[in-house]
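Structure at a glance
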Amino acid sequence: MGQIKLTNVKKSFGAVDVIRDINLEIEDGEFVVFVGPSGCGKSTLLRMIAGLDRPSSGELAIDGKVVNTVPAADRGLAMVFQSYALYPHMSVRQNLAFGLENTRMPKAEIAERITEAARMLEIEAYLDRRPGQLSGGQRQRVAIGRAIVRRPVAFLLDEPLSNLDAELRGSTRAELAALHARLSATMIYVTHDQVEAMTLADRIVVLRAGRIEQVGTPLELYNRPANRFVAGFIGSPH
Ligand code: ADP
Ligand code: MG
């Protein structure tokens, strides 16, 4: 569970071709990082996988099933945004429960999942606070917790650390890596930060103007960048 396949995926907004023909297979449990300059289409690609945007053409499949017209809520994925997107008037606990309460999940199971996620992220002490009473790092943990409680087949993370200061970014990055090891769920992670890409990724997808320039492990891209653009982006001397 958690295999994602894109076949000839394209996306235009009006006359502007933003995603120009993406072919990519992401294996179950893989940590894949999309990198590329601002405006190259990273968020658009992630939003299409999430179901928040629809491809103009091409096919998107999850675990072998074409999902182009499947609503976001039915894809079994969870998205984490840079802006946290928490509900300010709700407690942390209510934020975590939101979305599960619309399902038929028993209350006891919801409570159990919240306890488990809170423990994993070390936010047990804040469950009854509101987001406004938390630091940026704590808020981002809640946002990740809201994804965890859904037990998605894949996590989609759009620059989740870019609002944090350098020190917190480092520690949260390490926690994300540990979380991936523990959950063994597929993670697709968007960033424009080289260090995040190099340290987190099983494979890096380098994007430029809506196309894939190169896909490979951090070491492959570092040792054998396909061109200067990739080398520059990865920080490779080659
Ligand atoms: P990235 O996340 O790599 O910075 P985006 O996917 O956000 O890039 O955007 C890629 C391009 O698509 C940008 O030029 C952006 O202006 C354009 N774009 C994104 N969303 C829309 C939209 N809803 N309508 C029109 N243009 C959009
Ligand atoms: Mg973006």
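For every chain, the first residue of the written sequence is number 1, and numbering continues from 1 along that sequence. The lettering of chains begins at A and the numbering of ligands begins at 1, in the order of writing. Confidence filtering applies because this is a predicted model: local features only for residues at pLDDT of at least 70, side-chain atom pairs given and counted only at 80 or more, and all residues used for totals across whole chains, interfaces and linings.

The name given to the protein chain in an unreviewed UniProt entry is sn-glycerol-3-phosphate ABC transporter ATP-binding protein UgpC, and the organism recorded there is Ciceribacter ferrooxidans. In its Sequence similarities (unreviewed entry) section, UniProt records this for the protein chain: "Belongs to the ABC transporter superfamily." Of the protein chain, the UniProt comment under Subcellular location (unreviewed entry) reads exactly: "Cell inner membrane". UniProt positions are given in the numbering used here, feature names are shortened, and annotations may be inferred rather than shown by experiment.

Observations concerning the pairing of strand 8 (residues 186-190)
Side-chain direction in a regular strand flips from residue to residue, so the side chains alternate between the two faces of the sheet. In this scheme the burial state of a residue depends on its C-beta neighbours within 10 Å: 20 or more other such atoms mean buried, 12 or fewer mean exposed, and anything in between means partly exposed; the C-beta positions come from the backbone. Numbering of helices and strands runs from the N terminus; a helix is a DSSP stretch of H or I covering at least four residues, while a strand is a stretch of E covering at least two. A large share of strand 8 lies buried, amounting to five of its five residues. For two strands to be treated as a pair, DSSP must find at least two bridges joining them. Taken together, the four bridges between strand 3 (residues 31-35) and strand 8 define a ladder with parallel strand orientation. Looking across to strand 8, one finds that Val32 is bridged to Ile188. Where strand 7 (residues 154-158) and strand 8 come together, five bridges link them in parallel fashion. Across the sheet, Leu157 pairs through a bridge with Tyr189, a residue of strand 8. By definition, the crossover connecting two strands over a helix is right-handed if that path, from the first strand to the second, turns clockwise as seen with the strands pointing away from the viewer. Remark: the strand 7/helix 5 (residues 166-183)/strand 8 crossover connection has right-handed handedness.

A short note on the site of ligand 1
Here, nearness means that the C-beta atom of a residue, built from backbone geometry, sits within 6 Å of the molecule or strand in question. In the neighbourhood of ligand 1, the contacting residues comprise Phe13, Val18, Gly36, Ser38, Gly39, Cys40, Gly41, Lys42, Ser43 and Thr44. Looking at the shell around ligand 1 element by element, the count peaks at three residues for helix 1 (residues 42-50). In the shell around ligand 1, the residues fall into three nonpolar, six polar and one charged. Residues were grouped as follows: Ala, Val, Leu, Ile, Met, Phe, Trp, Tyr, Cys and Pro as nonpolar; Asp, Glu, Lys and Arg as charged; and all remaining residues, including Gly, as polar.

Some remarks on the pairing of strand 1 (residues 4-13)
Here strand 1 pairs with strand 2 (residues 16-26) via eight bridges, running antiparallel. Bridge pairing in strand 2 links Lys5 to Glu25. Hairpin connection, strand 1 to strand 2: the antiparallel pair is bridged by two residues, and Gly14 has positive phi, about 60°. Two elements, strand 1 and strand 4 (residues 57-62), share five bridges in a ladder whose sense is antiparallel. When the sheet's bridge partners are listed, Ile4 is paired in strand 4 with Ile62.

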